[in-house]
Amino acid sequence: MHRELTKGVYFVGVDDNHTELFENLWDIPFGVSYNSYLIVDEKIAVIEGVKGPWADEWLDNIRELVDPSKIDYIILNHMEPDHTGSLPDIAKIAPNAKLVYTQKASAMQKSFFDLDLDEIIAEDLQELSLGSKTLQFVHAKFLHWPETMMTYIKEDEILFSCDAFGAFGALNGLHFDDEINMEIIEWEAKRYVCTIITAYFKFVQAGIKKVKDLGIGIKMIAPSHGPIYRKDPMWIVNKYDEWSGPELEKVCTIVYGSMYGFTFRVAMNLKKELEKLDVTVKMFNISYTGLSRVITETVRAGVIVLGTPTYDAFPFPKIWNFANEIQGKRYPPRPIGILGTYGWQGGGVEKITKQLADARYEILEPIVHVKGRPTEEQSAQCKSLAKVIAERLK
Ligand code: FEO
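Counting from 1, residues in each chain are numbered in the order their sequence is written. This being a predicted model, a pLDDT of at least 70 is required before a residue's local features are given, and a value of 80 or more before pairs of side-chain atoms are given or counted; all residues contribute to the totals for chains, interfaces and linings. With hydrogens and water excluded, all non-hydrogen atoms of the structure serve as input to the side-chain values.

S.K.: Looking at this structure, how should I read the domain arrangement of the chain?
M.R.: A common measure of how large an interface is: the accessible area buried when the components associate. Once the domains are mapped, the chain shows domain 1 (3–244) and domain 2 (249–389). The distance between the C-alpha centroids of domain 1 and domain 2 comes to 39 Å. It only takes one pair of heavy atoms within 4.5 Å for two residues to be counted as in contact. Facing the 14 residues of domain 1 at the interface are 14 residues of domain 2. Throughout, the accessible surface (probe 1.4 Å) given up by two parts as they are put together, summed over both, is called the buried area. Carbon and sulfur atoms make up 65% of the area that domain 1 and domain 2 hide from each other, which totals about 1100 Å². Residue ranges assigned to the domains are those given by an automatic or database domain assignment.

What follows is the structure, given as structure tokens:
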């Protein structure tokens, strides 16, 4: 099914209500959309494809409006296969279409698909006339890969922003911000940003600045996932700005694993001591809170505390995985507290401490390390750690 954005510009994307894990990693209880747009002018252009298994539905959406074999340009803002998996299908139908993308995207296309189509390398700010409408390409590297660009229709003032300003959540026939429950969108957009784009926050900031500095009018933002913003396009820009900005929240988020409750008791002890000092605390059991939520709740936390039992002389596997995400997603610098328990020899706290210290995170003292059940001594350590955290969050 297609939707009109404005005269000659149409949504022809698809919903994915089948995939449980985006990138086979991140839970998407509301699904996800792969947005594609068709511009019908003297020339016909399609912006973005969709994930491979949805190619037929996508082509059917295009067929509602034009014969796909008449497409002149396939504009690829980004080469990740959630947007390009359908390229081989359209390449068979539209052999005269030209691929329009950045130089880096061209190299990726040859590596991923090696399609037998002509191409146009879009330089930064280069324009392409479709007749009455003019496209302008705005390079936006690392939003979310190095080859990424955005596409702008000058006359209609619509910015096709690719992954930037996207959100999880299938659209289910409600394509615009004035049609959708924005509370769900806000959480799903934030969860999308934190899980997919945290490592590239500085490029989000650079991309927002670049678009603002261009001084272009923006009547609509049409990303490649989630709703199209026509009622208030700057809402999502401002949210992305806030979520990717350098300011951390004055909150301590404790994320712990616990097999039999000892580490939980230490974490609870710390939580109570922090609350006595009026520190806002969030606490999550890693075994029962999806990693996407844990990441979303910690990316901007002023202090993170990790709690781990020792498991086979290593950190509790799910906590270790989270520590890897802190490192891999290049969480902005902030102090990290560590607590943990062990039965006879230890290893979990030591290894996670070393890993995060080697990744140049400041590890707060004291580290609360408990053999067996928590004792008075460890309660005193929790009190000391709470004081240090409260001081750092002032
Ligand atoms: Fe939606 Fe980075 O692909």
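S.K.: How do you make sense of the packing of helix H8 (residues 262–276) against helix H12 (residues 376–393) when you look at a structure like this?
M.R.: Each pair of packed helices gets described by two things: the angle between the helix axes and the distance between those axes. Between H8 and H12, whose axes approach to 8 Å, the crossing angle comes to 50°. Accordingly, the angle class assigned to the pair H8 and H12 is oblique. Of the two possible hands of crossing, H8 and H12 adopt the one that is right-handed. Facing H8, whose interface residues are Val 266, Asn 269, Leu 270, Glu 273 and Leu 274, H12 presents Ser 379, Cys 382, Lys 383, Leu 385, Ala 386 and Ile 389. Lys, Arg, Asp and Glu make up the charged group, whereas Ala, Val, Leu, Ile, Met, Phe, Trp, Tyr, Cys and Pro make up the nonpolar group; the residues left over, Gly among them, are polar. Here the residues of the contact of H8 with H12 are counted per class, giving 7 nonpolar, 2 polar and 2 charged. The convention used is that axes are lines fitted to C-alpha atoms, helices contributing only their stretch in contact, and that angles between N-to-C directions extend from 0 to 180 degrees. Secondary structure elements follow DSSP: runs of H or I of four or more residues count as helices, runs of E of two or more count as strands, with numbering from the N terminus. If an angle is under 35 degrees, it is roughly parallel; if it is over 145, roughly antiparallel; if it lies from 65 to 115, roughly perpendicular; otherwise it is oblique. By convention, the crossing between two helices is left-handed when the near helix turns anticlockwise from the far helix through less than a right angle, and right-handed when the turn is clockwise.

S.K.: Even after reading the chapter, I still don't get a positive patch on the surface, so can you show me in this structure?
M.R.: Taken together, the side chains of Lys 104, Lys 141, Lys 202 and Arg 330 make up a positively charged region of the molecular surface. You can see Lys 202 is positioned in helix H6 (residues 201–214). Patch rule: a residue counts if its relative accessible area is over 30% and it has no salt bridge; like charges are joined within 9 Å, and nonpolar side chains (Val, Leu, Ile, Met, Phe, Trp, Tyr) within 5 Å. Using a 1.4 Å probe, accessible areas were evaluated by the Shrake-Rupley method; residue-level cover was limited to the displayed protein chains. We count a salt bridge whenever a side-chain nitrogen from Lys or Arg sits within 4 Å of a carboxyl oxygen from Asp or Glu. Note on charges: Lys and Arg go in the positive column, Asp and Glu in the negative column, and His and the chain ends are not counted at all. To locate a charge, take atom NZ for lysine, CZ for arginine, CG for aspartate or CD for glutamate.

S.K.: Sorry if this is basic, but what is going on with the sheet that holds strand S2 (residues 9–11) here?
M.R.: The strands that make up a sheet pair up through hydrogen bonds in the backbone, lying either parallel or antiparallel. DSSP-based pairing: two strands are paired if at least 2 bridges between them are found. Taken together, 7 strands build an open sheet; the order of strands is S1-S2-S7-S8-S9-S10-S11 and the sheet is mixed. With one partner strand each, in any of the chains shown, strand S1 (3–6) and strand S11 (118–121) form the two edges of the open sheet. Between one strand axis and the next, the sheet turns by 25° as a mean value, whatever way the strands run. Relative to strand S8 (residues 44–47), strand S7 (residues 37–40) runs antiparallel, the two being bridged by 4 bridges. Bridge assignment links Val 40 to a residue of S8, and that residue is Ile 44.

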